[in-house]
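# Overview (structure and organization)
The primary structure of each chain is shown beneath.
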Amino acid sequence: MVIGSGFAGLSAACRLAKDGAHVTVLEKNNQPGGRARSFSVDGFTFDMGPSWYWMPDVFELFFKQFGTTPDAYYNLVRLDPSYRIIWDDETLDIPASYNELKDIFERIEPGAGKQLDLFIEEAEYKYNAAMKGLVYQPGLSVTEYMNKAVFKSFFRIDLLKSIHKHACRYFNHPKLLQLVEFPILFLGALPKNTPALYTLMNYADMKLGTWYPMGGMVQIVNAMYELAKSLGVQFVFNEDATSLAIQDNEVRGVNTRNNTYDADAVIAACDYAHAEQLLPTLYRNYTDAYWNSRNMAPSCLIYYIGLNKKLKNIQHHNLLFDAPFDAHADELYTARRWPENPLMYVCCPSQTDDSVAPDGCENLFVLIPVATGLKDSKEIRDQYYDLVVARLEKRFEEPIEEAIIYIRSYATSDFIKDYNAFDGNAYGLANTLNQTALLKPSIKNKKLHNLFYAGQLTVPGPGVPPAIISGQIVAREAGKLFNFKSSMSYDVSIP
């Protein structure tokens, strides 16, 4: 039994079914995907959550295990430029070509082109070290990392140094530092608090590229859902788990508002903290105090906007770094209040894909990172709507408000209502040093041997590729209960 049909739940279900299990997935909402759901209205199709397709090798490896490929399900295109950065005094398109990117670094800071080669060489090493084994470890024992390959690479993967300190070894110009540190925003912590191991994201960005599945990110969900069904997985939608049935120190089933489902094992691929609430206190891994002490990645305020015209000065991905980063960061992680002058991310998939908007129209997804735990209201959403429209009109240099024909907002209270998200989180736990690998919440319940956890609040962490990997890891561990010989392959052949 799997609770939740986000990427982790779909991944776990596919893997277990492939290995011989009879799998049922219970989903609270009316469609698969979790945070990666979509909705359609008035000819627009909006991805509700993830919008970046990085690490294509993770998707390829996932589908390869089932004898297929991503392109059997969706058409993947590489974006060029990968994305646009808008500063207060300059707009910069980041090219797909690495050599062209080097030229940009050199123009901004003489000598930085060569330094970028050295920086990416280290990032590539970390990427290979991670993706060839480390991120596929279950994080259950220190012995997982006690081998010659891991010891040999320990200092080079920079677990004990921050990304900011590491980046400053190579670059001085503030724009270059912001450019190489921006992927860390997806990991939910400040660069000064994130281990330099995660510069592996820079390799994913600058070398592996930014991609887009035509039809939207929901096409990945649809692909995994169709694969799961072809493997015999059963799905039950609109079923919100309310408790777990326990007998003789085993989980025997899942109770919902309408039914009870028997189970030999359960994978909770929903919000981890919420899954714990389905248990009597005696059987929980962690206390409320534990969860309240965690360093959470941000939540966000999102606007889904439909325009009745095309925009002239916008790319598929747009990062509006036209506000003071330090002030917004303080509001996110220290003061924990609504930001006064936030950075923003604007996705416009209709620049690439005509199918997500009516002819002559534009599909916008506008995201403002905000602290978790904030109370949102109509007044707050209206206030930020005015701020968003003004910022878009300024940065894209044309009237926008008069062209808006659809608008929907989504914020912390929606994350709680739709996903039972702890504190309204959007991205899970921040990838700080004390929340990495063994120090993340365990994938196994410590008292109930047949209860497991998957998703962004456990190993390996937040993001679409890590969620897919999380489901694979947990399925492998759960399969051991039934002596499944998983065909999932990985090794720790660190270069």
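Residues numbered from 1 in each chain as written. Predicted model: local features only at pLDDT ≥ 70, side-chain atom pairs only at ≥ 80, totals over all residues. Heavy atoms only, no water.

Further remarks concern the confidence of the model for the protein chain. Taken residue by residue, the protein chain gives an average pLDDT of 94. The fraction at 70 or more is 95%. This model gives residues 491-495 a pLDDT under 50, and the stretch forms 19 contacts once residues within four places in sequence are excluded. (pLDDT = per-residue confidence, 0-100. Contact = heavy atoms within 4.5 Å.)

Both trends apply: most residues other than glycine have a negative phi, and most peptide bonds are in trans. Omega for the bond connecting Asp80 with Pro81 falls within 30 degrees of zero, at 5 degrees, which places this linkage in the cis form. Counting through the fold element by element, Pro81 comes out in the loop between strand 5 (76-78) and strand 6 (83-86). The backbone of Asp42 shows a phi angle near 55 degrees, a positive value even though the residue is not glycine. Residue position: Asp42 is located in the loop between strand 3 (38-41) and strand 4 (44-47). The phi torsion at Met55 lies on the positive side, around 55 degrees, for a residue other than glycine. Along the chain, Met55 turns up in the loop between strand 4 and helix 2 (56-64). (Helix = DSSP H or I, 4+ residues; strand = E, 2+ residues; numbered from the N terminus.)

What follows deals with the packing of helix 2 against helix 9 (residues 218-230). Where helix 2 meets helix 9, the axes come as close as 12 Å, and the angle between the chain directions of the two elements is 15 degrees. The orientation of helix 2 with respect to helix 9, classified from their angle, is roughly parallel. As helix 2 packs across helix 9, the resulting crossing turns out to be left-handed. Contacts between helix 2 and helix 9 involve Phe59, Phe62 and Phe63 from the former and Ile220, Ala223, Met224 and Leu227 from the latter. (Axes fitted to C-alpha atoms, helices over the stretch in contact; angles between N-to-C directions. Parallel < 35°, antiparallel > 145°, perpendicular 65-115°, else oblique. Left-handed = near helix turned anticlockwise from the far one by under 90°.)

A few words now on the nonpolar core. One recurring pattern in soluble globular proteins is that nonpolar side chains are buried together. Judged by nonpolar contacts, the single largest core of 114 residues is most densely connected at Phe7, Phe105, Leu116, Phe171 and Ile267. Broken down by element, the residue count for this core peaks at 10 residues, all from helix 4 (residues 112-131). When near neighbours in sequence (up to four residues on either side) are disregarded, Phe171 contacts Phe105, Glu109, Ala112, Gln115, Leu116, Phe119, Leu176, Leu177 and Val180. Counting residues in hydrophobic clusters, the runner-up holds 29 residues, among them Tyr303, Met344, Ile404 and Ala411. (Core = buried A, V, L, I, M, F, W, Y, C linked by side-chain atoms within 4.5 Å. Buried < 20%, exposed > 50% of the residue type's maximum accessible area, 1.4 Å probe, protein only.)

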